[in-house]
Amino acid sequence: MEPRIAATPITWGFVGNNRWGVDLSQERILSEMVQVGFSATESGVPGFLPHDGVEARTLLEKHGLRATSGPVSFVIHEEGSRQSALETVRKAGERLVSMGGEVLITVPKPGNRKSGERLDEDSWKRLCEGLDAIEKLCRSMGLEQALHPHVGSLVETKEDMRRIMESSACGWCLDTAHIASGDLDPGDFLAMAGDRVALIHIKDLNLDLGRKMVQHEIAFDAAIKEKVFVPLGDGDLDLSGIIPLLPKEPWWVLEQDQGISELPEDGSGPMADARTSLNVLRGLLGSSNG
C-alpha cells in the first residue's frame, strides 16, 4: 500500500503578512504544487485560501487539487477557556468539511503561560479533557483530530507528548522534525500513540537547531531564518529508518517551513525544494517496499 501524499503552502513560505519574507501568490503556489506532481494539499494558514470553504474547494478543484487537512489554534488549558476554544474548533472544522478536508490539525496555544513555564496540574487536566472534548466534536463533524507537537505550543517536548498520550484519547499528527526536536524517537512516538496517528508530516531538519528551538534558546522565526528545516535528505534525520515504521493509512504531508527572502525565478526556490523532497520520499518508499 502506498501512502497518499500531499503538499502544504508553508513549504512555499506562506505564513501571511510577509512574516518570513515574501509571501508568494496563491496562484503561483497552487500551480507549482501541481507542476511538482501533487494532487492534494493542506489548506494552509488563514488567509491563504478563501475563508468560505466552498469557494476554497472550487479554487482547489480548478487547479486539480483537493484539501486534506488544515490547522486551528486555541487556548483551552486556562480556567473558563473551553467553550470559546470549542467554538473556534467548530468553525474551523465546518470550513474544512465544506472544503472537502478530512483531518483538523489542533495546536493548543500557551495563552498567558510564559516561555518555558510548566503547566500546573489543574491546567494539564483542563488541557487533556479539552482535547478529548475536541476529539468528540471532530468526530461529530466527520473529521479526525491530529494534535500537532509544535514549538511554541503546549506540546513541545517528549515529556509533553507522553503526558498527553497517557491522559487523553486524542488523535495525533506525527511530525518527524518536531518530534525529533522534542527529543522523542519516532518509533517511541508510534509505540505510545498506536492507531491514534491521524496525519503524518514528513520533514527533515538541522537537529541541533531544532532542539534549541524547543529549549527556547532560539525563537522559531529566527530558526526559520537560519533554515532549520531543509529538503528531505539534506538534514539529520534517519529517514531510511523512519519511513518503513510509519503507517500508510493517514495522509502524508511533505512539509518544509521556510522563509522566502526574495521572489524566486520560475521553477526555482521552494518549488525546487518540494520536487527534491518528493523525489527523495518516493525513492525511500520504493526501497522500503522492495
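Here, residues in each chain are numbered from 1, in the same order as that chain's written sequence. Confidence filtering applies because this is a predicted model: local features only for residues at pLDDT of at least 70, side-chain atom pairs given and counted only at 80 or more, and all residues used for totals across whole chains, interfaces and linings. Each side-chain value is derived from all of the structure's non-hydrogen atoms; neither hydrogens nor water enter the calculation.

### A closer look at helix α1 (residues 26-36)
Now for step 1: Burial classes follow relative accessibility: with a 1.4 Å probe on protein chains only, a residue under 20% of its type's maximum area counts as buried, one over 50% as exposed, and anything between as partly exposed. Elements are defined by DSSP. Helices are runs of H or I of four residues or more, strands are runs of E of two residues or more, and each kind is numbered from the N terminus. Listed as buried for α1 are Arg28, Ile29, Leu30, Glu32, Met33 and Val36.
Now for step 2: Of the residues one or two after α1, Gly37 is the one with positive phi, at around 125°.

### A short note on the layout of surface pockets
Now for step 1: Grid points spaced at 1 Å over the protein atoms alone were grouped into cavities, where a 1.4 Å probe fits but cannot get out, and pockets, open sets with protein on both sides within 12 Å along at least five of seven lines, with lining residues defined by an atom within 4 Å of a point. Grid points are joined across faces, edges and corners, and a volume is the space filled by probe spheres set on the points. Counted as a void, the largest pocket has a volume near 1000 Å³.
Now for step 2: What lines the largest pocket is a set of 39 residues, and nearest its centre among them are Val45, Pro46, Pro71, Val72 and Ser73.
Now for step 3: If you list the elements that add at least two residues to the lining of the largest pocket, you get β4 (69-74), α3 (82-99) and β5 (103-108).
Now for step 4: The biggest single contributor to the lining of the largest pocket is α3, with five residues.

### Let's talk about the state of the cysteines
Now for step 1: Defined by distance alone, a disulfide is two cysteine sulfur atoms within 2.5 Å. The full count for this structure, using the stated rule, is zero disulfides.
Now for step 2: With no disulfide of its own, Cys128 has Cys170 as its nearest cysteine by sulfur position, at a separation of 7.7 Å.
Now for step 3: Assessed through its relative accessible area of 6%, Cys128 is described here as buried.

### With respect to empty space enclosed by the protein
Now for step 1: This structure, assessed with the given rule, holds one cavity of 30 Å³ or more.
Now for step 2: In this structure, the largest cavity spans a volume of roughly 60 Å³.
Now for step 3: Taken together, Thr11, Trp12, Phe38, Ile202, Val230, Pro231, Leu232, Leu254, Glu255, Gln256, Ala274 and Ser277 make up the full set of residues lining the largest cavity.
Now for step 4: Residue classes in the lining of the largest cavity are distributed as eight nonpolar, three polar and one charged. Amino acid classes used here: Ala, Val, Leu, Ile, Met, Phe, Trp, Tyr, Cys and Pro are nonpolar; Asp, Glu, Lys and Arg are charged; the rest, including Gly, are polar.

### Describing the pattern of salt bridges
Now for step 1: For salt bridges, the criterion is a side-chain nitrogen of Lys or Arg within 4 Å of an Asp or Glu carboxyl oxygen. Enumeration over the complete set of coordinates arrives at 17 salt bridges.
Now for step 2: Several salt bridges share partner residues, and in doing so they unite Asp175, Lys203, Glu255 and Asp257 into one network.

### Notes on α3
Now for step 1: Here the expected span of a helix is defined as 1.5 Å times the quantity of residues minus one. In a regular helix each residue adds 1.5 Å, so 18 residues correspond to 26 Å; α3 covers 25 Å between its end C-alpha atoms and thus fits that length.
Now for step 2: What α3 keeps buried is the set Ala85, Val89, Ala92, Gly93, Arg95, Leu96 and Met99. Axial view of α3: buried residues confined to an arc of 160°, hence all on one face. Exposed and oriented more than 90 degrees from the buried face of α3 are Gln83 and Lys91.
Now for step 3: Looking at the buried residues of α3, the elements they touch are α2 (53-62), β3 (66-67), β4, β5 and α4 (121-140). Summarising the geometry, the arc corresponds to the directions from the helix axis toward the C-beta atoms. We call two residues in contact when some of their heavy atoms are within 4.5 Å.

### Looking at the packing of aromatic side chains
Now for step 1: Between the rings of Phe, Tyr and Trp (Trp by its six-membered ring), a pair exists once the centres lie within 6.5 Å; its type follows the angle of the planes, with under 30 degrees stacked, over 60 edge-to-face, and the other angles tilted. In total, this model carries three aromatic pairs according to the counting rule given.
Now for step 2: When the centroid spacing of 5.8 Å and the interplanar angle of 70° are considered together, the rings of Trp20 and Phe220 count as edge-to-face. Highlighted residues: Trp20 in the loop between β1 (5-6) and α1 and Phe220 in helix α9 (residues 220-225), separated in sequence by 200 residues. Each member of the pair, Trp20 together with Phe220, is buried.
Now for step 3: Consider the rings of Trp172 and Phe189, whose centres lie 5.6 Å apart with planes at 85°: the pair is edge-to-face. In this pair, Trp172 sits in strand β7 (residues 172-175) while Phe189 sits in helix α7 (residues 186-193), placing the two residues 17 residues apart along the sequence.
Now for step 4: Assessed through its relative accessible area of 0%, Phe189 is described here as buried.

### Overview of the pairing of strand β11 (residues 251-254)
Now for step 1: Along β11, one buried face is formed by Trp251 and Val253 and the opposite face, lined by Trp252 and Leu254, is buried too.
Now for step 2: Any two strands are treated as partners once DSSP identifies two or more bridges connecting them. In the sheet, β1 pairs with β11 via two bridges, with the strands oriented parallel. Looking at the pairing, Ile5 lines up with Trp252 of β11.
Now for step 3: For strand β8 (residues 197-202) and β11, the ladder comprises four bridges, and the chain directions are parallel.

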